[in-house]
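Examination of the molecular architecture
Okay, here's what each chain looks like letter by letter:
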Amino acid sequence: MHEFNIGLLVVAASALFLGLLSTPLKRIGLPDSVTLLLVGVVLGPTGFGFLDPAQWGNEMAILEQVARLAIAIGLMGIALRLPKSYIFNHWRPLCVLLLVGMPFMWLCSSALTGWALGLPIGAALLIGAAITPTDPVVASTLVTGPVAKENLPAYLRHIISSESGANDGLAFIFVMIAVFWLTLPAEQSMTMPMLGVIFGDILGALVLGAVIGYSVGFAMRKAEEKKTIDQPSMLMITTALALTTLAAVKLIGSDGILAVFVAGLMFDQQVNASERQEEERVVEGVDRFFTSPIFILLGLMIPWHEWMSLGWPVLALVIGVLFLRRLPLFLLLGGRLSDLPSKLDGSFSGWFGPIGVAALYYAALAHHKTDVAALWPVVSLIVVSSIVVHGLTAMPLSHLYRRLKDARASS
């Protein structure tokens, strides 16, 4: 109970601090994720030792559930932040990024992992799958706030947000391919298990999320027309929708993460503009509070000794993943997609594909299903590196993007 109160104090005090100083912190380019990560490191076993997740029970089970909650709230925020019907109007470029980009990121990350660390194919595929999705929580910190809105055009912010929202749930396919590779007997085909994943987890989540989101949006609109709902109740609907969808769809046996994003998109089709603006503001505030614990928890759980035991080759892996996992493909796509109309847009969106909470979730999920010893040390190192590097480069590169774009426009 003593550590619970310390943890509660840390999360609440961090939220107060970041809330009171949100504008100046964003102006100097220090994102919440980096600050909270440092808080976890300082208070954890390698710092002052006030909090130790090893004493709370199964660390990876705790990490999985905290990450799952953070992703759900983050995805609902993205769904409401996108323009109404954005996904339906921009489905072609988004499909290219998902159907071409995700397999490329998975195979590239897997190849780099196998090359740098000398891991077997199955282990490399699993680690590559875990770090494939673009994180919605970290991405939101890069495309929101005054700096992003002043320097980045809306179309670029929207394509980064929508891709990060959609690919989180779809990464489950690649994770399960690797899990089946590692766990199924050699003589057993993975065709039937993968069909179960595609139809049960993915397509099931799409349908269930759409039904839940549309139904709640329709019910809210009717309740407002009949004046059976007051303003405070309206403002809690989207948070309740995210949590209800996450839990209900998971209990049924489908992918709750993908369902939350779809539910948010369908809910958005039913609400009017004023409701939408109010809900978006509330979700942004709730988003920042609910996502704070995962970064603190990551700081507490950093496996420093395991990182050191990986040796120098892991540095080559981190650098390779940050620069090669996504950037070359997006440079190629820049100027060829309507939402990436120039090489500059392709390079910026290619660089800002952060690896964060989604990777932590899939690493924890796979940890229970496999026995790959390098999974958590490698994924956690890449996540921490991405949070720090992408977080600290967001502001200077946003300013550089605008200067280059203005220079091209005036030439």
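My aim in this report is to walk through the structure given alongside it, one point at a time. Please read all numbers here as calculations on a predicted model, not as lab measurements. (Residues numbered from 1 in each chain as written. Predicted model: local features only at pLDDT ≥ 70, side-chain atom pairs only at ≥ 80, totals over all residues. Heavy atoms only, no water.)

Focus on the environment of Ile 237
The condition that has to hold: Strands here are runs of E lasting at least two residues and helices are runs of H or I lasting at least four, both read from the DSSP assignment and numbered beginning at the N terminus. When a residue's accessible area, from a 1.4 Å probe over protein chains only, is under 20% of the maximum for its type it is buried; when over 50% it is exposed; and in between it is partly exposed.
Within the secondary structure, Ile 237 sits in helix α13 (residues 237–252). On the accessibility criterion, Ile 237 (19% relative accessible area) is buried. Remark: the alpha-carbon pair of Ile 237 and Gly 217, spanning 20 residues in sequence, is separated by 9.1 Å.

With respect to the packing of aromatic side chains
Short version of the rule: Pairing of aromatic side chains requires ring centres within 6.5 Å, counting the rings of Phe and Tyr and the six-membered ring of Trp. Pairs whose planes differ by under 30 degrees are stacked, by over 60 edge-to-face, and all others tilted.
This model, assessed by the stated rule, comprises seven aromatic pairs. Their ring planes at 20 degrees and their centres at 5.8 Å tell us that Phe 48 and Phe 50 sit as a pair that is stacked. Exposure remark for Phe 48: the relative accessible area of 62% places this residue in the exposed category. Judged by its relative accessible area of 44%, Phe 50 is partly exposed. Arranged with centres 5.2 Å apart and planes meeting at 45 degrees, the rings of Phe 323 and Trp 351 form a pair that is tilted. On the criterion of sequence distance, the pair formed by Phe 323 in helix α17 (residues 313–324) and Trp 351 in helix α19 (residues 343–351) is long-range, its members being 28 residues apart. A residue is classified by how much of its surface remains accessible, and Phe 323, at 42% relative accessible area, is partly exposed.

Here we look at helix α6 (residues 91–117)
Put simply, the rule reads: To estimate the expected span of a helix, subtract one from its residue number and multiply by 1.5 Å. Here the bend at a residue means the angle between the axes of two seven-residue stretches, the one that ends at it and the one that starts at it.
With 27 residues, α6 should cover 39 Å at 1.5 Å per step; its first-to-last C-alpha distance of 37 Å lies within 8% of that length. The largest bend along α6 reaches roughly 35 degrees and is located at Gly 101, with the proline Pro 103 sitting one to four residues downstream.

Focus: the nonpolar core
Basically, it comes down to this: Residues enter a nonpolar core if they are buried and are Ala, Val, Leu, Ile, Met, Phe, Trp, Tyr or Cys, with the set joined through side-chain atoms within 4.5 Å. Contact definition: two residues touch when any of their heavy atoms are within 4.5 Å.
Ranked by size, the top nonpolar core spans 122 residues in total, and within it Leu 63, Phe 261 and Val 379 carry the most contacts. Sorting elements by how many residues they give to this core places helix α10 (residues 154–183) first, with 13 residues. Setting aside residues up to four positions removed in sequence, Phe 261 forms contacts with Leu 75, Ile 78, Ala 79, Leu 82, Ile 87, Ser 162, Gly 165 and Ala 166.

A look at the side chain of Asp 339
So the rule is basically this: In this count, Lys and Arg are taken as positive residues and Asp and Glu as negative ones, while His and the chain termini are left out. For salt bridges, the criterion is a side-chain nitrogen of Lys or Arg within 4 Å of an Asp or Glu carboxyl oxygen. Pairs of N or O atoms are called polar contacts if they sit within 3.5 Å, as long as, within protein, a hydrogen donor faces a hydrogen acceptor (for residues adjacent in sequence, only side-chain-to-side-chain pairs).
Of note, Asp 339 is situated in the loop between α18 (327–333) and α19. Buried charge without a salt bridge: Asp 339, with Arg 92 as the nearest opposite-charge side chain at an N-O distance of 9.9 Å. Looking at Asp 339, its side chain comes within polar contact range of the side chain of His 90, at 3.0 Å.

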